[in-house]
Each structure stands twice: as structure tokens, then as C-alpha cells.
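# Structural overview
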Amino acid sequence: MHALNLTLFDALAAGFSPSPAWLRFASAIAVGSSWACAAALAWIGWRRAPERLHLLAAVAAGGAASLISHEVAAAIGMPRPFVLGLSPPHVPHGVRAGLPSTHASVMFTMAFVLLGRRPLRDAGLLMLGAALLTGWARIHVGIHFPLDIAAGALLAATLATGLLGLRLLLARGAPQLAGMGAAALRLFAGSAAAPCVVLVFAAAAAWIGLRLPHAPVLLEENGPIELGTMQLYLAAALCFLLVRVRALSRLDRSAICAVLLALAAREADWHLAPSGAKAAWAVFAASAAAAAWLAARAWAQRPALGIWLRRCPEAATWLTFLVVVSTAVMLDQMPAPPATGATLRAHVALSFEEVLELVLPVLALLAVLQARLGAGRGV
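Here we summarise the structure given alongside this text. (Residues numbered from 1 in each chain as written. Predicted model: local features only at pLDDT ≥ 70, side-chain atom pairs only at ≥ 80, totals over all residues. Heavy atoms only, no water.)

### Description of the overall build of the chain
Secondary structure summary: the chain contains 14 helices and 0 strands in total. Listed by position from the N terminus, the elements making up the chain come as α-α-α-α-α-α-α-α-α-α-α-α-α-α. Counting every position in the chain, which comprises 379 residues, the buried fraction comes to 42%. Looking at the chain alone, contacts between residues at least 24 apart form 78% of all its contacts between residues at least 6 apart. For the chain, the computed accessible surface area is about 19400 Å², with 72% contributed by carbon and sulfur atoms. (Helix = DSSP H or I, 4+ residues; strand = E, 2+ residues; numbered from the N terminus. Buried < 20%, exposed > 50% of the residue type's maximum accessible area, 1.4 Å probe, protein only. Contact = heavy atoms within 4.5 Å. Areas by Shrake-Rupley, 256 points an atom, 1.4 Å probe, with all protein chains shown as cover.)

See the structure below:
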């Protein structure tokens, strides 16, 4: 297997004497395919309202695949080609383990989930083609072996099969589960839901910070928490783009979506990549205009703000969102702990910063859910 892996890599990788045209094409695919797929899914959801819930389920499955693939890769510890000196890294990338490929795990998972839904099979085929092309591109630029891509596809097939089996079990036990689901929704619809969510994440942050010296992979650049945050921002943006809330106009939802996309771009470090700097600044400029629009809208509606705060659970969620943003910004201004010799206090502070950033898109998704559940306030 190892010999076959190396033979395929030699055949597919650009190596030390790449073709400039092919390398530019592969680099663009390797870096930008995730965003192109997100845009395609948003367009499909916009055009096919009845399938929006299934599209969001596919995005959630992709997020789960990302977290699992990171944990599996950290456990296996398979180095990437450029780490072994087999190829230069033609796009910037960290040196963490690469088997299975996270890109392959996420994209193939979403493709298989979409293929399992008849009205979305064309979207599934589109995602499957994008996954195959992205797998080739990431091999070509020297950051993955073919075996990494194959392992990601195998993990995706396993997850998709498990989700299909779970769906069949839920269909059989639907009457019994309906009451449990209604009770859970009532909990999320309350004003105390957002503070409780933050407390749960804060407890997780404390636990991660205490064990961080022994498990630094959790909070590393492009690690599980950072990538999970970016994917949740994309899911939240997709929700605001596709889910109708009576209290928000289409322009309001588009503005919120622009801000969430800018936060996702920041998590992806677009502003640090030479090829993506101009696009990142364009996204940030659009998000600044969107934030200004939302601030003006809030100011114009301030006479009704007191009633909104008293009657709408999502108001408590947005206030919690602002408090968490402020706290995360203050923690972000603290100096990063050194690679060695950092105090336990510094590790806990870093953990709180990253986990509180993770809770922000969760709160945005919770606000959408609460607005939809609010009788007489959202459709």
C-alpha cells in the first residue's frame, strides 16, 4: 500500500518542477473550492425552498466529519508529503498530520448525504465532482497523499451510511421521538437558552485549557476548533440567507449574512494569504457596510427595543452574542502564550478565547431557531 501511495503521488503531484499553468489551476482549486461549494449550496437553497432543511443537514454532517477527521489524523500522525521532503508546499499549510484529509472528509460526506436525497442528487453529483477535483488539487500542490484523500472518502462513506441508518431508525420511532423533540425545542425557545449555551461552552473551555499542555492540537492554527468555528459561521450565514424571519427584511438577512461570512473569512486567515488578500479585504469592506446598515436599523427602531427585549427570546440571544464578542476581543488582545513554558493561566485564557469564538456562530444559529419558533413573530 505504501509503495502504491508513493507511486500515485509521484504521478499526480507537481513536485519540484511544476507546470506553471497547472499549478495555478490546482492552487486555486485547493484553496478556493470550499468557498465555491458553499456559494453553490447557498444558490441551490435559495432556489429550492423545500430542500433547505436537508441542505443544512448536509452542512452539519460536513462539520461533524471535519471534527472527526482531525481527531483521527492526530491519532494516526501520518506526515504530509512536503514534511517528508517529497514536494514543496505550493500553498501555505500547517505541518499537522494529513490522514485522512479534512477537505475530502467534509466534501465527500456532504456529497454522499445529498446523493441520498432524490431531489438533491444533482447537487450531490456537483459536490462529488468538486470533492474529486479538490482531492487531485491538494495532491498536486504537495499537501496530501492519495491515501489521505481515499481515507477521507472512506470516512465520509461511513458517516453517510450511519446517518442513513439513523434516519431509518428515527422514522420507525417517530411517534415516541416527537414528544421528546417538542420538549427540546421548548428549552431552546426560552430566553435562558443562550446564557446556558455559553455556560456549557465556558465549562468546555476550562476543561480544554487545563489539559491543553498535553493536547495542543485542539487549539492550533487550522485545528479542529478553528475549522469548526469557520464551518459554523458558514452554516449560520446559509441559515440567514435561506430561512425567512418575519421581523427581518431580505436586506437585513443579507447584511447579517455578510457579517458572518466576514467572520468566517477571518477564521480562515484570508487576510494573511497573498492570493486571497484582495478578496478578503473586499469581504471585510462589505461586512463593514453591512454592520453599519444593521446599526442604523437598530437605532431607527429603538422606541420598540424595550418591548422586543421583554418579549423575544432571540433578543437575549443577540445580547449574549454581543457580550461574548466583547469578551473574545479582550482575550484576543492578550499576548499569545509561548510554545514552551506557558503558564496554566495562559493556556486557559487561550482556550477561552478560541471556544468563545466557537460559540458565536452557535448563538447566531440559536437566534434563527428561536425566531422560527416564536409564535406570531416568524414564519
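### Focus on the pattern of salt bridges
Using the criterion set out here, one finds 2 salt bridges in the structure. Between Arg48 and Asp122 there is a salt bridge; the shortest N-O distance is 2.4 Å. Here the residue Arg48 occupies a position in the loop between α2 (20-47) and α3 (52-76), and Asp122 occupies one in helix α5 (residues 121-140), the gap between them amounting to 74 residues. For Arg117, the salt bridge goes to Glu51, with nearest N and O atoms at 2.9 Å. Of this pair, Arg117 sits in the loop between α4 (102-115) and α5 while Glu51 sits in the loop between α2 and α3; the two residues are 66 residues apart in sequence, bridging distant segments of the chain. (Salt bridge = Lys/Arg side-chain N within 4 Å of Asp/Glu carboxyl O.)

### Thoughts on the nonpolar core
Counting 66 residues, the largest nonpolar core has Leu260, Val359 and Leu363 as its most contacted members. Here this core gets 12 residues from one element, more than from any other, and that element is helix α9 (residues 224-242). Not counting residues up to four positions away in its chain, the partners in contact with Leu363 are Ala194, Val197, Val198, Thr317, Thr320, Phe321 and Val324. Judged by nonpolar contacts, the second largest core, of 10 residues, contains Leu23, Ile29, Phe82 and Ile143. (Core = buried A, V, L, I, M, F, W, Y, C linked by side-chain atoms within 4.5 Å.)

### So, the packing of aromatic side chains
In this structure the tally under the stated criterion is 5 aromatic pairs. Both rings, one in Phe25 and one in Trp136, keep their centres 6.0 Å apart while their planes meet at 40°; by these two values the pair is tilted. You can see Phe25 sitting in helix α2 and its partner Trp136 sitting in helix α5, a full 111 residues away along the chain. (Phe/Tyr/Trp six-rings, centres within 6.5 Å; stacked < 30°, edge-to-face > 60°.)

### Focus on the packing of α3 against α4
Look at α3 against α4: their axes get within 8 Å of each other, and the N-to-C directions meet at 150°. By the angle between their directions, the pair α3 and α4 is classed as roughly antiparallel. Crossing hand, α3 versus α4: right-handed. Judged by residue contacts, Leu55, Ala58, Val59, Ala61, Gly62, Ala65, Ser66, Ser69 and His70 of α3 engage Thr102, Ser105, Val106, Thr109, Met110, Val113 and Leu114 from α4. (Axes fitted to C-alpha atoms, helices over the stretch in contact; angles between N-to-C directions. Parallel < 35°, antiparallel > 145°, perpendicular 65-115°, else oblique. Left-handed = near helix turned anticlockwise from the far one by under 90°.)

### A closer look at helix α13 (residues 313-332)
In this model, α13 (20 residues) spans 29 Å end to end at C-alpha, consistent with the 28 Å of a helix rising 1.5 Å per residue. Residues of α13 that are buried include every one of Pro313, Glu314, Ala315, Thr317, Thr320, Phe321, Val324, Ala328 and Leu331, and no others. (Expected span 1.5 Å × (residues − 1).)

### Some remarks on the environment of Arg48
For Arg48, a relative accessible area of 26% puts it in the partly exposed group. Distance from Arg48 to Leu120, taken between C-alpha atoms, is 9.4 Å for residues 72 residues apart in sequence. Excluding its chain neighbours within four sequence positions, the residues that come into contact with Arg48 are Pro119, Leu120 and Asp122. At 2.4 Å, the side chain of Arg48 forms a polar contact with the side chain of Asp122. (Polar contact = N/O pair within 3.5 Å; in protein donor to acceptor, adjacent residues only side chain to side chain.)

### Remarks on the packing of α2 against α4
Contact geometry for α2 and α4: axes closest at 11 Å, N-to-C directions at 25°. Taken together, α2 and α4 sit at an angle that is classed as roughly parallel. Crossing geometry of α2 relative to α4 is assigned as left-handed. Side by side, α2 and α4 meet where Ala30, Ser33, Ser34, Cys37 and Leu41 of the first sit next to His103, Met107, Met110 and Leu114 of the second. Class assignment of the residues belonging to the contact of α2 with α4 gives a composition of 6 nonpolar, 3 polar and no charged. (Nonpolar A, V, L, I, M, F, W, Y, C, P; charged D, E, K, R; others polar.)

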